[in-house]
Amino acid sequence: MAEGQRRDFYAWFWRAPLLVWQLLFFVVPLAFMFVMSFWLVKNYRMTPAFAFDNWAKMLGWNIFWSSYAYTMALAVAATILASVLAFPAAYGLAFRVTDTTRRWALFFLIIPFFTSYLVRVYAWQVVLAGNGVISAMLGWVGLGPISLLNTPIGTLVGYLTLSFPLVVILQTISLASIDKTLIEAAHNMGCSPLRTVFSVIIPAAKVGLIVAGLFCFILSFGDFVSPYYLGGSKPPTLSIMIVDSTKSGQQWPRAAVIAVVMILSLLAIAFTAVKFAYRRRG
Amino acid sequence: MSKQTLLKPNRRDILKYGVASTALSMPFVSRAWAQTVELNMLAWYGHGEPDVVAEFEAANNVKFKPKYYAGGDNMLALISQSPPGTYDVILSDAEFVQQLNEAGYVDELNAADYPFDDFLFDEWKQFPGHWKDGKLFSVMVRCGHLGVSYNTTAVSAEEAQSYKCFWKPELKGKVGHFDWHLPNLGQMSLLNGNASPFDIDEAAWGKVKETTTSLRPQVGGFFDYGGTFNGLKNGEMLAMAGIGDWITGVLERDGAKVASVVPKEGGIQFTESWSIGKGSKNADMAKKFIQYMLSPEGQVHSARMAAYPGFAVTKAGRKALNEKDPKEAQRTGQVDGAANDPVTLIKEGRIKYRGVPAQQGLEVWNDFWSEYKGS
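Residues numbered from 1 in each chain as written. Chains lettered and ligands numbered in written order. Predicted model: local features only at pLDDT ≥ 70, side-chain atom pairs only at ≥ 80, totals over all residues. Heavy atoms only, no water.

Trainee: I'd like to hear about the overall build of chain A, residue by residue, with values.
Mentor: For chain A, the helix and strand inventory stands at 13 helices and 2 strands. For chain A, the spread of C-alpha atoms along the three principal axes comes to 80 × 75 × 40 Å. Across chain A, the fraction of contacts at a sequence separation of at least 24, relative to all contacts at a separation of at least 6, is 70%. Distance from the positive charge centre (20 side chains) to the negative charge centre (8 side chains) of chain A: 7 Å. (Helix = DSSP H or I, 4+ residues; strand = E, 2+ residues; numbered from the N terminus. Contact = heavy atoms within 4.5 Å. Lys, Arg positive; Asp, Glu negative; His and termini not counted. Charge placed at Lys NZ, Arg CZ, Asp CG, Glu CD.)

Right, dumping it as structure tokens:
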């Protein structure tokens, strides 16, 4: 066997498990879900068919589109909030602390993932309720009692619980990887600290910052737990609509339509974001 | 074996005698394992928990493997996705038994195996949908009533006597829904004066939608069992539609200031029935379990279930409950002659059985429910 052929075989041997895994557990189920969106449900049983009924029903249903807009708005709000709130923390960890402190901080940011997300959301119910801590604090300053539970704010708190540590970690890694000489050069040339952030640091870390925001968006857009347990399912997001469809009348094909629309939306947004991240300044 | 070997065995001795003793004990161990029957259960949460099944498990060397669902549609969805024989015993909401039977998911039962003569109420012996062409497919095991559930500090007992209390201005944003269209829309139908709340024509259905939509500004959220439970417990929700004592009863036992009543417009009965899954490999044990649940001991466990209480359906079961837990029997009206005796309420015409929509498709009701939630 020639040297080149041996190298090709070796490369493919190690690539194969990942490809097989992706094919079996991503591509095939995705294709099946797409096919299922054309099936019909008769007497609680799914019947293979090639009908556009589910697509026509869902895409022509006002509730679907209002739910889509609401889900999108909440995910965008969570992404902006998480990105803006995480940046000062990430900046501090990247530039203002020692390596040891940064490592410990990143370790502590990972710790929330050790506990179940559902448990953390249930804990938030106690905090956000009308007789909870936040309401009591607002009461002291004459603004309460206010219940944030079963509101869009409650949902946003849940989304940030899920994604905020991850956004801080990704932003920190991204900022810490910046060539420090660029920052020094900016300072030497009389650039103010604020301008250095906006003209040097953010453009240099653009890819990482966008990827961090993208992760937040993806996690929030598809989340079921927070809108249901902290938002009171009022109004329902797309993930809640999926669950409702499967629960009632076994409408898996309609749920498949919603899922396909969600995946297409995420793909479009992810590609746009990545394209923007790698776009060169003209 | 030398004394020295016994006192100070080396590693090889330990391995040798360990393997030998394990091999010798295998027949006994495997026999014990072989006798343990695993029963797969499909049920609402709580029916396979130790407070209900532990005694039966111990007495019959059975181990339950429960799969829980929430709502009849969800139950049908789960069973339709499983191969025949997956579930040995199936607890179904009574209104879905007919569909279970039509789809061929359950086996025929022998009526002589169950204590129908001891049932508290004659109508329950021939519960709609449980029999077809003289053949029995499911046996009612417990029931409960749905009405107005409320926080007693925010709603008076008098106000709770009508579903109209949900529209009370002070409850704005504090009225919750159990997230299942059937009980909620059934209650709205009762409020509109429909004698058969699930069998209504298009005009009446239009009015039910109108009434329900007018409640939307009052609604603080749509919840599953856990959310409903927490909402009432932490005072976030001061009144709940679509539920009854099956949730507030658990909270009441913990001292929460909540209660459920059947209002003047009437209440809805949820009914739960056991069937044996088609293709079950443990049909005999499944039958024995259903017989146990209808025995006085089983009825007491069922009525006092930790997850959610219910009513006993047999006379012997009610008697046993009064002996074992008179306080709970009193609280739930399961005392002969009590004003809120569940059987008396049915006889007075104040209770309607929960059913599936007779003149509209279930999908129509469900679609409206989704629209209502999103409005």
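Trainee: Would you mind going over the overall build of chain B in detail, with residue names and values included?
Mentor: Regarding its fold elements, chain B presents 16 helices and 13 strands. Dimensions of chain B, computed from the C-alpha atoms along their principal axes, are close to 90 × 50 × 45 Å. For chain B, the proportion of its 375 residues judged to be buried stands at 55%. Total accessible area computed for chain B in this model is approximately 15,800 Å², and 54% of it derives from carbon and sulfur atoms. (Buried < 20%, exposed > 50% of the residue type's maximum accessible area, 1.4 Å probe, protein only. Areas by Shrake-Rupley, 256 points an atom, 1.4 Å probe, with all protein chains shown as cover.)

Trainee: Which residues make up the pairing of strand β2 (residues 62–69) of chain B, and what are the values?
Mentor: Residue and element names in this part refer to chain B. By the bridge criterion, 8 bridges tie strand β1 (residues 37–44) to β2 in an arrangement that is parallel. Residue pairing for β2: A43 is matched across the bridge by Y68. Note that the unit made of β1, helix α3 (residues 50–60) and β2 has a crossover that is right-handed. (Pairing = 2+ DSSP bridges. Right-handed = clockwise from strand over helix to strand, strands pointing away.)

Trainee: Could you give an account of the nonpolar core, with specific residues and numbers?
Mentor: By size, the foremost hydrophobic cluster in this structure holds 108 residues, and its most contacted members are F64(B), Y114(B), W124(B), F166(B), W246(B), W274(B) and F289(B). Taken domain by domain, this core gets at least three of its residues from each of domain 2 (36–142 + 271–330) and domain 3 (148–265 + 354–374) of chain B. By size, the runner-up hydrophobic cluster in this structure holds 23 residues, among which are W61(A), F221(A), A256(A) and I258(A). (Core = buried A, V, L, I, M, F, W, Y, C linked by side-chain atoms within 4.5 Å. Domains from an automatic or database assignment.)

Trainee: Outline the packing of aromatic side chains, supporting the account with residue identities and numerical values.
Mentor: Residue and element names in this part refer to chain B. Considering all chains together, one arrives at 52 aromatic pairs over all chains under this definition. Between F116 and W131, the aromatic rings sit 6.0 Å apart at their centres with planes inclined by 50°, giving tilted as the arrangement. Residue F116 is located in the loop between α5 (97–102) and α6 (122–125), and its partner W131 is located in strand β4 (residues 131–132); the two are separated by 15 residues in the primary sequence. Joined through ring pairs, the aromatic side chains of W44, Y69, F96, F178, W180, Y225, F229, W246, F270 and Y308 make up one cluster. Of note, R142 hangs over the ring of Y308, and the distance from its end group to the ring centre comes to 4.7 Å. When the ring centre of F222 is taken as origin, the NZ or CZ atom of K373, which lies over that ring, is 5.8 Å away. (Phe/Tyr/Trp six-rings, centres within 6.5 Å; stacked < 30°, edge-to-face > 60°. Lys NZ or Arg CZ within 6 Å of the ring centre and 35° of its normal.)

Trainee: Explain the confidence of the model for chain B to me, using residue names and the numbers behind them.
Mentor: Close reading of the predicted structure is inappropriate where its pLDDT is low. Overall, the predicted model of chain B reaches an average pLDDT of 91, with 91% of residues at or above 70. Below pLDDT 50 for its whole length, residues 28–32 of chain B participates in 1 contact with residues either more than four positions away or in separate chains. (pLDDT = per-residue confidence, 0-100.)

Trainee: For the packing of helix α8 (residues 202–215) of chain B against helix α16 (residues 362–374) of chain B, give the residues involved together with the corresponding values.
Mentor: Residue and element names in this part refer to chain B. Running from N to C, α8 and α16 point in directions that differ by 25°, and their axes come no closer than 11 Å. When the interaxial angle is binned, α8 and α16 end up roughly parallel. For α8 against α16, the interelement crossing comes out right-handed. Taking contact as the criterion, the partners of W205, K209, T212, T213 and L215 in α8 are, on α16, V364, W365, F368 and Y372. Each residue belonging to the contact of α8 with α16 can be placed in one class, and the counts come to 6 nonpolar, 2 polar and 1 charged. (Axes fitted to C-alpha atoms, helices over the stretch in contact; angles between N-to-C directions. Parallel < 35°, antiparallel > 145°, perpendicular 65-115°, else oblique. Left-handed = near helix turned anticlockwise from the far one by under 90°. Nonpolar A, V, L, I, M, F, W, Y, C, P; charged D, E, K, R; others polar.)

Trainee: Summarise the environment of T211(B); cite the residues concerned and give the values.
Mentor: Residues and elements named next belong to chain B. For T211, the location among the structural elements is in helix α8. You can call T211 buried: its relative accessible area is 14%. Counting along the chain gives 26 residues from T211 to L185, while the straight-line C-alpha distance between them is 9.5 Å. If sequence neighbours within four positions are ignored, T211 has contacts with W167, M188, L191 and N192.

Trainee: Account for the environment of G208(A), naming residues and giving values.
Mentor: All names here are of chain A. Here G208 shows up in helix α10 (residues 206–221). A relative accessible area of 18% means that G208 is categorised as buried. With 41 residues separating them in the primary sequence, G208 and V167 have C-alpha atoms 9.6 Å apart.

Trainee: I'd like to hear about the sheet that holds strand β10 (residues 239–241) of chain B, residue by residue, with values.
Mentor: Residues and elements named next belong to chain B. Taken in spatial order, the 5 strands of this open sheet run β9-β8-β10-β7-β11, and their pairing is mixed. In the strand order of this sheet, the two ends are held by β9 (219–223) and β11 (258–261), each with one partner. Strand-to-strand, the axes of this sheet are offset by a mean angle of 25°, without reference to chain direction. Lying on the sheet, α16 is in contact with β8 (175–178) and β9; it crosses β9 at an angle near 135°.

Trainee: Lay out helix α3 (residues 62–96) of chain A with the relevant residues and their values.
Mentor: Look at α3(A): 50 Å from first C-alpha to last across 35 residues, which is about the 51 Å you get at 1.5 Å a residue. Of all the bends found along α3(A), the most pronounced is centred on F87(A) and spans about 35°, while P88(A), a proline, follows it within four residues. (Expected span 1.5 Å × (residues − 1). Bend = angle between axes of the 7 residues up to and from the residue.)

Trainee: Help me get a handle on the side chain of N60(B), residues and values and all.
Mentor: Residue and element names in this part refer to chain B. Topologically, N60 is positioned in helix α3. At 2.8 Å, the side chain of N60 forms a polar contact with the side chain of K288. With near-sequence residues (within four places) excluded, N60 lies in contact with M285 and K288. (Polar contact = N/O pair within 3.5 Å; in protein donor to acceptor, adjacent residues only side chain to side chain.)

Trainee: Quick one: what's the story with the interface of chain A and chain B, residue by residue and with numbers?
Mentor: Contact residues are listed per partner, giving 31 residues for chain A and 34 residues for chain B. Summed over both partners, the interface of chain A with chain B buries about 2,600 Å², with 43% contributed by carbon and sulfur atoms. When residues of chain A are sorted by the area they lose upon contact with chain B, Y44(A), K234(A) and K247(A) head the list and together hold 22% of the total. Counting across the interface, chain A meets chain B through 4 salt bridges. Linking R254(A) and D367(B) is a salt bridge whose minimum nitrogen-to-oxygen distance equals 3.1 Å. In this assembly, chain A and chain B are joined by 14 residue pairs in polar contact (both at pLDDT 80 or more). For the side of chain A that touches chain B, the secondary-structure elements that each account for two or more residues are α5 (117–128), α11 (225–229), α12 (238–247) and α13 (252–277) of chain A. (Buried area = accessible area lost by both parts, 1.4 Å probe. Salt bridge = Lys/Arg side-chain N within 4 Å of Asp/Glu carboxyl O.)

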